[in-house]
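The chain contents come next:
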Amino acid sequence: MKPLILTLGLLAALPAEAGSFTPPEGCETFLTVQARGCRVSNHYRCEADAPGDQWRADFDQEGVFFLSHVNREAEWVESFEFNPDVRQSLDDGAADPAEFSKLLSSGRDDFAFSLSRTDGQNTEVTGFDALTGRSITIDGVALQETEFEYTETDAEGTILRQSRGNEYISAEWRLFFAGPSEYRDGEAWLPMDGSPVKFILPGEPGFAATQPIYECGALMSS
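Residues numbered from 1 in each chain as written. Predicted model: local features only at pLDDT ≥ 70, side-chain atom pairs only at ≥ 80, totals over all residues. Heavy atoms only, no water.

Turning to the overall build of the chain, a few remarks are in order. Along the chain, the regular secondary structure elements total three helices and 13 strands. Residue burial in the chain is summarised as follows: out of 222 residues, 45% are buried. Taking all contacts inside the chain whose residues are at least 6 apart in sequence as the whole, residues at least 24 apart take part in 43%. Accessible surface, the chain as shown: approximately 11200 Å² in total, 51% of it carbon and sulfur. (Helix = DSSP H or I, 4+ residues; strand = E, 2+ residues; numbered from the N terminus. Buried < 20%, exposed > 50% of the residue type's maximum accessible area, 1.4 Å probe, protein only. Contact = heavy atoms within 4.5 Å. Areas by Shrake-Rupley, 256 points an atom, 1.4 Å probe, with all protein chains shown as cover.)

Below you can see the structure in the form of structure tokens.
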């Protein structure tokens, strides 16, 4: 894995008008996803990482805004937010690690783990993912629907964030994709839907795009 400062600098420097995503040296992009909510994500893997590790870079109209790193079990390893730059990482010794394999085999996976941030905020996350038994095909890709719920609290037990709703998983790619859900960061539950619209593979038009194309006009109007 490239040094943290290099990875952050490379991605944060990509302008909003850039047409093609370039991952860090030693990494290869394997999937681009254009989603609802004016977001496009580029998924990539790096030679220096553990087998099964994957990265995702999320872009809106202004450029990259989020970077995440998961392992083979789709377990949160680390993530980065930009402007200001903040790294959030998984603490060792999770009480109940997230397990993609368990979700596939049993239909449900509960989790409980701790996260640390470079801005000094340490949090606890608890929740579950469960298969609903419903399958859906989006842009020719077969996915399984999940329902999920999670709560993130600070060291004193104060609820900081909550989310619930549905997501989609690909057993082949071992990835979660956003779906219709609700998010609470304060007093009210707010609806969200970042569902994938188009999956783009290497060699196809729009692969490695850094400009989202769906629902952007609606967001600008609002």
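The discussion continues.
With respect to burial, strand β4 (residues 63-70) is a largely interior element, seven of its eight residues being buried. Of the pairings in the sheet, the one linking strand β3 (residues 54-60) to β4 comprises seven bridges and is antiparallel in character. For A57, the partnering residue across the bridge sits in β4 and is L67. Adjacent in sequence and paired antiparallel, β3 and β4 are bridged by two residues. The hairpin turn running from β4 into strand β5 (residues 76-81), its antiparallel successor, is five residues long, and A74 in that turn takes a positive phi close to 60 degrees. (Pairing = 2+ DSSP bridges.)

Right, let's talk about the nonpolar core for a bit. If you look at soluble globular proteins, the nonpolar side chains tend to sit buried side by side. With 13 residues, the main nonpolar core has F21, Y44, W55, A57, F59 and L67 as its most contacted residues. Elements that contribute at least two residues to this core include exactly β2 (39-46), β3 and β4. Counting twelve residues, the second-largest nonpolar core is a separate cluster that includes V141, L143, Y168 and F199. (Core = buried A, V, L, I, M, F, W, Y, C linked by side-chain atoms within 4.5 Å.)

What follows concerns the confidence of the model for the chain. When the pLDDT values of the chain are averaged, the result is 90; 89% of them are 70 or greater. Here residues 1-6 is modelled with pLDDT under 50, and outside its nearest four sequence neighbours on either side it reaches ten contacts, counting other chains as well. Ignoring residues within four places in sequence, the model shows residues 12-18, a span with pLDDT below 50, making eleven contacts including any to other chains. (pLDDT = per-residue confidence, 0-100.)

What follows is about the pattern of salt bridges. Taken as a whole, this structure holds eleven salt bridges when the rule is applied. Taking the shortest distance from any N to any O, the salt bridge between D119 and R117 comes out at 2.9 Å. Looking at D119, the relative accessible area reads 46%, which means it is partly exposed. For R117, a relative accessible area of 15% gives the class buried. The shortest N-O distance in the salt bridge between E182 and R164 comes to 2.7 Å. Highlighted residues: E182 in strand β11 (residues 175-184) and R164 in strand β10 (residues 159-170), separated in sequence by 18 residues. Residue R164 is classed as partly exposed on the basis of its relative accessible area of 31%. In the salt-bridge network here, residues are joined through shared partners; they are R36, D193 and E215. (Salt bridge = Lys/Arg side-chain N within 4 Å of Asp/Glu carboxyl O.)

Moving on, we get to the state of the cysteines. In the structure shown here, the tally under the stated rule is two disulfides. The side chain of C27 participates in a disulfide bridge whose partner is C46; the two sulfur atoms lie 2.1 Å from each other. An S-S torsion of about 100 degrees defines the bridge between C27 and C46 as right-handed. In this pair, C27 sits in strand β1 (residues 27-35) while C46 sits in strand β2, placing the two residues 19 residues apart along the sequence. The same class applies to C27 and to C46, which are both buried. In this model C38 forms its disulfide with C216; the gap between the sulfur atoms is 2.1 Å. Residues C38 and C216 share a disulfide whose torsion about the S-S bond is about 100 degrees; that sign makes it right-handed. Residue C38 is located in the loop between β1 and β2, and its partner C216 is located in helix α3 (residues 216-221); the two are separated by 178 residues in the primary sequence. For C216, a relative accessible area of 8% gives the class buried. (Disulfide = S-S within 2.5 Å.)

Right, let's talk about unusual backbone geometry for a bit. The linkage connecting N83 with the following residue, P84, adopts the cis geometry, with an omega of 5 degrees. Of note, C38 is a non-glycine position whose phi angle comes to about 60 degrees, a positive value. The exposure class assigned to C38 is buried, which follows from its relative accessible area of 5%. Positive phi, normally seen in glycine, also occurs at R174, with a value near 55 degrees. By secondary structure assignment, the location of R174 is in the loop between β10 and β11. When its relative accessible area of 12% is taken as the criterion, R174 is described as buried.

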